[in-house]
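Tertiary structure, described
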Amino acid sequence: MIPIIKRYLDSMPALRPLLLVVKAFLARKGLNSAASSGLGSYATTLLIISFLQVSRKFCPNAAI
């Protein structure tokens, strides 16, 4: 595992469950592979990290 992703997983408790839900959704729609014009695992992880960072910025008191 890439060390920076591990640090994000440790510091953002919502990352792992949200990642599992989004990856399951993408797999169900057939969009979970970069080779078939979908999102790979790394891109999906970065997308969710960015979402959580922006959400935290706009809702700092939210339990994310």
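You'll find the structure just up there.
Our subject in this report is the structure included herewith.

What counts as what
Residues numbered from 1 in each chain as written. Predicted model: local features only at pLDDT ≥ 70, side-chain atom pairs only at ≥ 80, totals over all residues. Heavy atoms only, no water. Helix = DSSP H or I, 4+ residues; strand = E, 2+ residues; numbered from the N terminus. Buried < 20%, exposed > 50% of the residue type's maximum accessible area, 1.4 Å probe, protein only. Contact = heavy atoms within 4.5 Å. Areas by Shrake-Rupley, 256 points an atom, 1.4 Å probe, with all protein chains shown as cover. Salt bridge = Lys/Arg side-chain N within 4 Å of Asp/Glu carboxyl O. Core = buried A, V, L, I, M, F, W, Y, C linked by side-chain atoms within 4.5 Å.

1. Some words on the overall build of the protein
Looking only at helices and strands, the protein has 3 helices and 0 strands in total. From first element to last, N terminus to C terminus, the protein shows the α and β order α-α-α. Expressed as a percentage of its 64 residues, the buried residues of the protein come to 20%. At a minimum sequence separation of 6, the contacts of the protein that also span at least 24 residues come to 55%. Accessible area for the protein stands at about 4,700 Å²; split by element, carbon and sulfur atoms hold 65% of it.

2. Considerations on the pattern of salt bridges
If the charged atoms of two oppositely charged side chains come close together, the side chains can form a pair. Across all of its chains, the model carries 1 salt bridge by this definition. Lysine 6 is the salt-bridge partner of aspartate 10, the closest N and O atoms lying 3.5 Å from each other. Taken together, the residues aspartate 10 and lysine 6, both in helix 1 (residues 3–11) and 4 residues apart, mark about one turn of the helix.

3. Some details on unusual backbone geometry
The phi dihedral of serine 37 falls on the positive side, at around 60°, and the residue is not glycine. Locating serine 37 in the fold gives a position in the loop between helix 2 (15–29) and helix 3 (41–58). The exposed category is assigned to serine 37, whose relative accessible area is 70%.

4. Some words on the nonpolar core
Among the nonpolar cores identified, the biggest contains 8 residues, and these are Ile5, Leu9, Met12, Leu15, Leu19, Ile48, Ile49 and Leu52. Those elements giving two or more residues to this core turn out to be helix 1, helix 2 and helix 3.

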